[in-house]
Amino acid sequence: MTKLFAGVAKLRLQQVLIIGFALTTAITMAVGTPITYGVIRRYLDNAQDKRVGRDMDLAEAFYNSKLNDLATSSHRLASARMMRHNIEAAAAGDEVAEAAIVDAIENELTNLPPTVRFVLVLDARGQAVTGRTLFDSHIEQADTRADWSSLPILADALARGEPLAATEVIPVELLRHVKLENRAYIQLVETPKASEELFDPREGTAGLTLTSVAPVMEEGRPVGAVLVGHLFNNDFTLVDRIKAVAGVDTVTIFFGDLRVSTNVPLSEAGGRAIGTRVSQEVFDTVLAEGQEFTGEAFVVSQDYITRYEPLYNHRDEVVGILYVGAQKSSFQELLDSFRDQVFLIAGATVLLAVFIAFPVSWPISRPLSSLASATRQVASGDWSVRVPIEGYYEMQSLAQSFNTMVETLKETQEQLLQKEKLASVGQLAAGVAHEINNPLGSVLLYADILRKETPGDNAQQREDLDMIVREATRCKAIVNDLLNFSRQNQVLAQETDLNLLLQELAEETSKQHLFEQIQIVTELDPHLPCIQADPLQIRQVFLNLMSNAAEAMPDGGKLFLRTSAGPAAGTVTAEVEDTGVGISEENMRKLFTPFFTTKPIGKGTGLGLAIIYGIVKMHRGQIGVQSKVGKGTKFTLTLRQQLPVQNEHAANSQVIG
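Values in this document were obtained by computation on a predicted structure and should not be read as measured data.

Asks: Any details on the packing of aromatic side chains? Residues and values, ideally.
Replies: Scanning the entire structure with this criterion turns up six aromatic pairs. Ring geometry for Phe 199 and Phe 283: centres 6.0 Å apart, planes at 75°, overall edge-to-face. Of this pair, Phe 199 sits in the loop between α7 (181-184) and β5 (207-218) while Phe 283 is found in helix α9 (residues 280-288), placing the two residues 84 residues apart along the sequence. Their ring planes at 70° and their centres at 5.9 Å tell us that Phe 293 and Tyr 308 sit as a pair that is edge-to-face.

Put into structure tokens, the structure is as follows:
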């Protein structure tokens, strides 16, 4: 193994990448292909379950819609005024009343789809007054005076005085009265894996129907009822409609465990599997336990992906099954096709990886060579060098990081130079200020004495002496600024409430002439903690910034003072923002340089921001500025809540700036 790694180490990077790329691809495909096949298989299995679930939802919707149609039909007839006025007379033998009812029944049947359907009007005892049956597009007369009182749904509807609609079993004795006994008959077919015993011994002769009964009410009592039924036995309109409209592969309606309406093929030659029975597994789950069954099941002669739901009568008794399913063979063919394609793609990918490795390795090795060359240039002091951002994402990220690093190092060097420059200027300013301060004091003293001794009638001399005093005073202010800038002060830290300090400054400055047209807006964080700072120095910082902001808004504007939690733990942020003239891009880099000012001669010394910079740095803080010409300027200060403890020597030797 050691020799192998030693041999690889002698290869060029491009060669290593090609070998590694091809080998990695081969291993990945060898491991990933079976996993991919397994994922696809699980996905298809899940898709099968979801599909049959969707199919069952659609089938139930169609089934319930059909039942609702029957309920609407029975209710429409039962609630008609004609029915209430004629039913008792028709039951007593009034032919005119019976004819009126028959016309209403035939009109109802004519307006309904051509299915196996019957409508009966019965009296309060359950005796048939009249009725009609529709099948094969013909209307037949039902037996009158037939006794239907034994039908549970009719008896319960009359007893409760309320309509009922459900899936019901109608025995052959009653079907004879509506001429449907032959239509309901189904020859049982021997079916593999079926139960040895029938679920309902009436299977094959009795009919499974959608039945709706609506009582005819008169003065709060039932005087009869309208019964509307749809026979499923040997009627395929509903199952075929579900298949055509909803796109369901196969649909079946069972009476017990017997197929009475289906589009499941009996064999490959065709035909419908009428008379076949459900498997024992489904029998036990759906009919015996009343639970739904989902999954693979043997249907007639082959396996299907299925779902079975129990059908209940109006007394919540299981009387049949609603089934939807898709042939498993179609899913298996799809799965086999996916498997073949996965393995084919795996083999092609390994071969393709070898050819792709050559151009792929070049964009990796070339940026690394460029980066090495750029590193040597930076080491020689060339800060202008930049690496082109090209190649793959990682190479681009590396190049971007290198360029950012060079820019950061350049800025850091400029900051160090700025600090050294400020320190040098501070030392120079201190020396100059000390040398000039005393002579200026003498000039002011003697100029003032001469002005007092000058006679009142010598106006020209007094005017000249006033100018000397005025200009010397201005020079003394400049000297004081130089001393403030150069003085090496120790921060006298104490607990300082920044919100209170800013609030006091806002109140004080609002009364000054400079701030007459300025609206000061305070947005202070009420939860801001106190900080350790020199309150006099911090006050000077914000006062200078506020004065600069006011001068930048000669026509008035808004001045915002904000505080909030800092970007890092243990820090706070303060902002001073104005809506003034803004600062140009070329002046942004010079803001904190001593003696730089954009004010007219005699209006400023250019030391204000330099002093602010020094105070913030002494407080171990940061100051930043954002500005847009014509929009305004925002200064952001970040200060520590706790200042580090320094010994006296370190504090006294600190240089502002």
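Here the narrative resumes.
Asks: Help me get a handle on the pattern of salt bridges, residues and values and all.
Replies: All told, the structure shown has 18 salt bridges when counted by the stated rule. Measuring nitrogen to oxygen at the nearest pair gives 3.4 Å for the salt bridge that ties Asp 123 to Arg 125. Between Arg 562 and Glu 577 there is a salt bridge whose closest N-O contact spans 2.5 Å. Of this pair, Arg 562 sits in strand β17 (residues 557-565) while Glu 577 sits in strand β18 (residues 571-578), and the two are 15 residues apart along the sequence. The class for Arg 562 is buried, based on a relative accessible area of 19%. Residue Glu 577 is classed as partly exposed on the basis of its relative accessible area of 23%. Salt bridges here are not isolated pairs; linked through shared partners, they connect Arg 51, Arg 54, Asp 55 and Asp 249.

Asks: Describe in detail the sheet that holds strand β1 (residues 117-123), supporting the description with residues and values.
Replies: Across the sheet, six strands lie side by side as β3-β2-β1-β6-β5-β4; this open sheet has antiparallel pairing. The sheet is open, and its two borders are formed by β3 (138-141) and β4 (164-170), each paired with just one other strand. Strand-to-strand, the axes of this sheet are offset by a mean angle of 20°, without reference to chain direction. As judged from the seven bridges shared by β1 and strand β6 (residues 221-231), these two strands associate in the antiparallel manner. Residue pairing across strands places Arg 117 opposite His 230, the latter belonging to β6. The sheet strands contacting helix α3 (residues 81-91) are β1, β2 (128-135), β5 and β6, and the helix crosses β6 at an angle near 90°. Across the sheet, helix α5 (residues 152-160) touches β1, β4, β5 and β6, and the angle it forms with β4 is around 150°.

How each quantity is defined
- Residues numbered from 1 in each chain as written.
- Predicted model: local features only at pLDDT ≥ 70, side-chain atom pairs only at ≥ 80, totals over all residues.
- Heavy atoms only, no water.
- Phe/Tyr/Trp six-rings, centres within 6.5 Å; stacked < 30°, edge-to-face > 60°.
- Helix = DSSP H or I, 4+ residues; strand = E, 2+ residues; numbered from the N terminus.
- Salt bridge = Lys/Arg side-chain N within 4 Å of Asp/Glu carboxyl O.
- Buried < 20%, exposed > 50% of the residue type's maximum accessible area, 1.4 Å probe, protein only.
- Pairing = 2+ DSSP bridges.
- Axes fitted to C-alpha atoms, helices over the stretch in contact; angles between N-to-C directions.
- Contact = heavy atoms within 4.5 Å.

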